[in-house]
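Residue-level structural notes
One letter stands for each residue in the lines below.
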Amino acid sequence: MPDIPKRWRGECESGKDFPSSSCNKKLIGARSFYKGFEMAMRNRNGKGSEIIINSPRDTDGHGTHTASTAAGSHVANASFFGFASGIARGMAPQARVAAYKVCWEEDCFSSDILAGMERAIEDGVNILSLSIGGTSDPYFLDAIAIGAFAATKRGIFVSCSAGNGGPTPESLSNVAPWIITVGAGTLDRDFPAYAVLGNKKRFTGVSLYSGKGTGSEPVGLVYNKGVELNQTSSICTPGSLDPKRVRGKVVVCDRGVIARVEKGVVVKKAGGVGMILANTAESGEESVADRHVLPTVAVGKIAGDKIREYVGSNPNPTVVLSFGGTVLDVKPAPVVAAFSSRGPNNLTPQILKPDVIGPGVNILAGWIGVVEPSTVHTDTRTSPFNILSGTSMSCPHISGLAALIKAAHPKWSPSAIKSALLTTAYTLDNTNTTLHDASVGAISTPWAHGAGHVDPQKALSPGLVYDASADDYITFLCSLNYTLEQVQTIAQNPNVNCSRRFSDPGQLNYPSFSILFRSKKRVVRYTRTLTNVGDANSVYSVVVDGPSTVSISVKPSKLVFGKVLENKRYTVTFKSKKRVAVKDAFGSITWTNSQHQVRSPVAFTWSR
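Residues numbered from 1 in each chain as written. Predicted model: local features only at pLDDT ≥ 70, side-chain atom pairs only at ≥ 80, totals over all residues. Heavy atoms only, no water.

In the annotation of an unreviewed UniProt entry, the entry for the chain reads Putative cucumisin, and the organism field reads Lupinus albus. A UniProt comment under Sequence similarities (unreviewed entry) is attached to the chain, and it reads "Belongs to the peptidase S8 family." One UniProt comment on the chain, placed under Function (unreviewed entry), says "Required for arbuscular mycorrhiza (AM) development during AM symbiosis with AM fungi (e.g. Glomeromycota intraradices)." (UniProt positions renumbered as here; feature names shortened; annotations may be inferred.)

Here it is, written out as structure tokens:
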């Protein structure tokens, strides 16, 4: 790496297991923030700093995984115990990294998060990546939203995880419009594992178990649903399995309640030789691979139901488990992860969230040497890499892409970068079919995938962008019926006033649309402004796609840009054809020419 830029104001704090010399030209900053945590612990149990390892050192693995995903350098011969082998690299391998440790073993405290964000802003970061989430509180009570606003008005792009509360509707976190809210999808890479039942039916699941299978000879298969009134035995919670029933057999365990890998520990302690981890309705067809402590195949709900039915109807059920390593070019992909948090946005329904999805299932990235990748303390095997799933993993993908766009277009605002990522996202998978949702196995919607899956190449040249300034966001806040004091809290400016406000929060110049029809409001009209970041003398025509229950008109239907950075406005009118509430519906508005398709998703909701 070249020398650290002189404008960088950060530093490396020394601490336990972390001398300041741990930093270099790649890792140029490392700090820890713990005063909020310390005060909470002192109030809770009378102990304070003596329980804190005050150090930027990652003792958990999460921060190393996310940082290396965003900006890790090339590493040859990377793998996780042989899985996903090849050259590993982050999204922006030439970017520099500064780490701000704000989470501790018990929790992440708002005061520490804000302190870390404030310091990062002062140090001079370009991108803030936060794989942290919680509940959707009003913006003036949301520490991340407040910190992100301070960053955005200084030109810093903020990327946050949407949360892992899916497939429950309205489960999103980090929904402020000045944040890019990132959901999770799958890759076209998988780690197949197979369960062949005694009736010769073969089911494919996933696993990161790197040992041998159960052998070529079938072994007994047991499912402990409701045995001796012990309902938890089907979930394989600690102490729920009868060793007399499971010894020497493969156990079917329902997913839920306790950690997936922990169930295998329970089975192993009871004398089982293998496990089939079967999804229930909540997790649907989602397949998350784990490093299990015994031969384990994780299967979706459909396969799980058939396996449970087989065990219940056969007097002598058997199975053979085997493992297939790493497989590429999996279809369909991407698929929206079942765990990825969903809209609608319950805080501001007029802002469509999540914004986009990125790779977040079975992601290989860097790891630390002091925590077992399986998270089971009896498993002492370590690896410099780990494979994890979550919106924590998808968020840094988008953060790294934002760094690439920022490098290519250093004068672009955070809103312009976000617009580029949204309007170039794709909604077709690698079978040329509309994106699917792992939780239901059916077509996904913008409540799950937002504008779609990010497309790094197209995002570098979007043609047009929807830009917004800090003042625009203040105007948006003033339209939310917040008090002036609450708006000033978010803006961190006592001089802010609400002399200007939108008639509707959806008037914000956002690159997507969320239309809320109320019983007495059948017409919604929004005006948007597009900025030409493509060629001079560009002409775009509009293409509208919408449900039969809504008429959509756009004026003008053609935009002519004579110069680069020229702005053009258009007005779109949405009219509901029905007075009563109907099912949620979706569409899109796309400005197109021979070079670019600038697509905005549209979501429609009817309320009584």
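Additional details are given in the paragraphs that follow.
**Section: the overall build of the chain**
Each helix and strand counted, the chain has 13 helices and 30 strands in total. Here the C-alpha radius of gyration of the chain, 25 Å, is about what a compact globule of 608 residues would show, namely 25 Å. Each of the three principal axes of the chain carries a C-alpha extent, and together these read 75 × 60 × 45 Å. Scored against the burial criterion, the 608 residues of the chain give a buried share of 55%. The long-range fraction of contacts in the chain, counting pairs at least 24 apart against all pairs at least 6 apart in sequence, stands at 71%. Positive and negative charge centroids in the chain, built from 65 and 47 side chains respectively, lie 6 Å apart. (Helix = DSSP H or I, 4+ residues; strand = E, 2+ residues; numbered from the N terminus. Rg over C-alpha atoms; globule rule 2.2 N^0.38 Å. Buried < 20%, exposed > 50% of the residue type's maximum accessible area, 1.4 Å probe, protein only. Contact = heavy atoms within 4.5 Å. Lys, Arg positive; Asp, Glu negative; His and termini not counted. Charge placed at Lys NZ, Arg CZ, Asp CG, Glu CD.)

**Examining helix 3 (residues 110–123)**
End to end, helix 3 covers 20 Å across 14 residues, agreeing with the expected 20 Å (1.5 Å per residue, within 8%). Regarding helix 3, the residues found buried are D112, I113, G116, M117, A120, I121 and D123. Positive phi shows up at G124, right after helix 3, with a value of about 105 degrees. (Expected span 1.5 Å × (residues − 1).)

**As for the nonpolar core**
By size, the foremost hydrophobic cluster in this structure holds 47 residues, and its most contacted members are L128, Y139, W178, F476 and L477. Elements with a minimum of two residues in this core: helix 3, strand 5 (127–130), helix 4 (143–152), strand 6 (157–161), helix 12 (470–478) and helix 13 (484–491). For this core, the leading source of residues is helix 4, giving 6 residues. Viewed by domain, this core spans two of them, domain 1 (27–184 + 334–460) and domain 3 (469–507), each represented by three or more residues. Filtering out sequence-adjacent residues up to four positions away, L477 remains in contact with Y139, F149, W178, Y482, V487 and I490. The next biggest cluster of nonpolar side chains, apart from the first, holds 27 residues, and it includes A78, F80, V222 and C253. (Core = buried A, V, L, I, M, F, W, Y, C linked by side-chain atoms within 4.5 Å. Domains from an automatic or database assignment.)

**Brief notes about the pattern of salt bridges**
Tallied over the entire structure, the rule returns 15 salt bridges. Across the salt bridge formed by D254 and R308, the nearest N and O atoms sit 2.6 Å from each other. Pair noted here: D254 is in strand 12 (residues 250–254) and R308 is in helix 7 (residues 301–313), with a separation of 54 residues, a long-range link. R308 matches D254 in its accessibility class, with the two residues each being buried. (Salt bridge = Lys/Arg side-chain N within 4 Å of Asp/Glu carboxyl O.)

**Some remarks on the state of the cysteines**
Using the criterion set out here, one finds 4 disulfides in the structure. Two residues, C12 and C23, share a disulfide whose sulfurs are 1.4 Å apart. Across the disulfide from C12 to C23, rotation about the S-S bond amounts to roughly -75 degrees, and the bridge is consequently left-handed. Residue C12 is located in the segment before strand 1 (27–32), and its partner C23 is located in the segment before strand 1; the two are separated by 11 residues in the primary sequence. Across the pair, C23 and C12 agree in class, each one buried. Linked covalently through their sulfurs, C478 and C498 form a disulfide whose S-S length is 1.9 Å. Torsion about the S-S bond of the C478 and C498 cystine: about -80 degrees, corresponding to left-handed handedness. With C478 in helix 12 and C498 in the loop between helix 13 and strand 23 (513–517), this pair connects stretches of sequence that are 20 residues apart. (Disulfide = S-S within 2.5 Å.)

**Quick word on the sheet that holds strand 24 (residues 523–532)**
Reading across the sheet, the 4 strands line up as 22-24-28-26 and stay open at both edges, with antiparallel pairing between neighbours. Strand pairing shows two members of the sheet lacking a second neighbour, strand 22 (464–465) and strand 26 (550–555), which therefore form its edges. With 6 bridges joining them, strand 26 and strand 28 (residues 567–576) adopt antiparallel strand pairing. The residue of strand 28 that forms the bridge with S551 is K575. (Pairing = 2+ DSSP bridges.)

**Some thoughts on the domain arrangement of the chain**
Each assigned domain of the chain is listed here: domain 1 (27–184 + 334–460), domain 2 (192–323), domain 3 (469–507) and domain 4 (509–606). Here the C-alpha centroids of domain 3 and domain 4 sit 24 Å apart.

**Observations concerning the sheet that holds strand 25 (residues 538–545)**
Two strands in a sheet stick together by hydrogen bonds in their backbones, pointing the same way (parallel) or opposite ways (antiparallel). Taking strand neighbours across the sheet as the criterion, the 5 strands line up as 23-30-29-25-27 in an open arrangement whose pairing is mixed. Of all the strands in the sheet, the pair left with one neighbour each is strand 23 and strand 27 (558–561). Averaged over neighbouring strand pairs, the angle between their axes works out to 20 degrees when direction is ignored. (Axes fitted to C-alpha atoms, helices over the stretch in contact; angles between N-to-C directions.)

**Considerations on the pairing of strand 29 (residues 585–592)**
Counting buried positions along strand 29 gives 6 out of 8 residues, so the element sits mostly inside the fold. Note that strand 25 and strand 29 share 5 bridges and pair antiparallel. Note on strand 29: the bridge partner recorded for S541 is T592. With antiparallel pairing between neighbouring strands as the criterion, strand 29 and strand 30 (residues 597–606) make up a hairpin whose turn holds 4 residues.

**Remarks on unusual backbone geometry**
Look at the link from G166 to P167: it is a cis peptide, with omega at 0 degrees. Relative to the helices and strands, P167 resides in the loop between strand 6 and strand 7 (180–185). A cis amide bond, omega 0 degrees, links G343 with the succeeding residue P344. One non-glycine residue, N174, lies in positive phi territory at about 55 degrees. Residues other than glycine seldom take positive phi values, yet V257 does so here, at roughly 75 degrees. Examined against the element boundaries, V257 turns out to sit in the loop between strand 12 and helix 6 (260–269).

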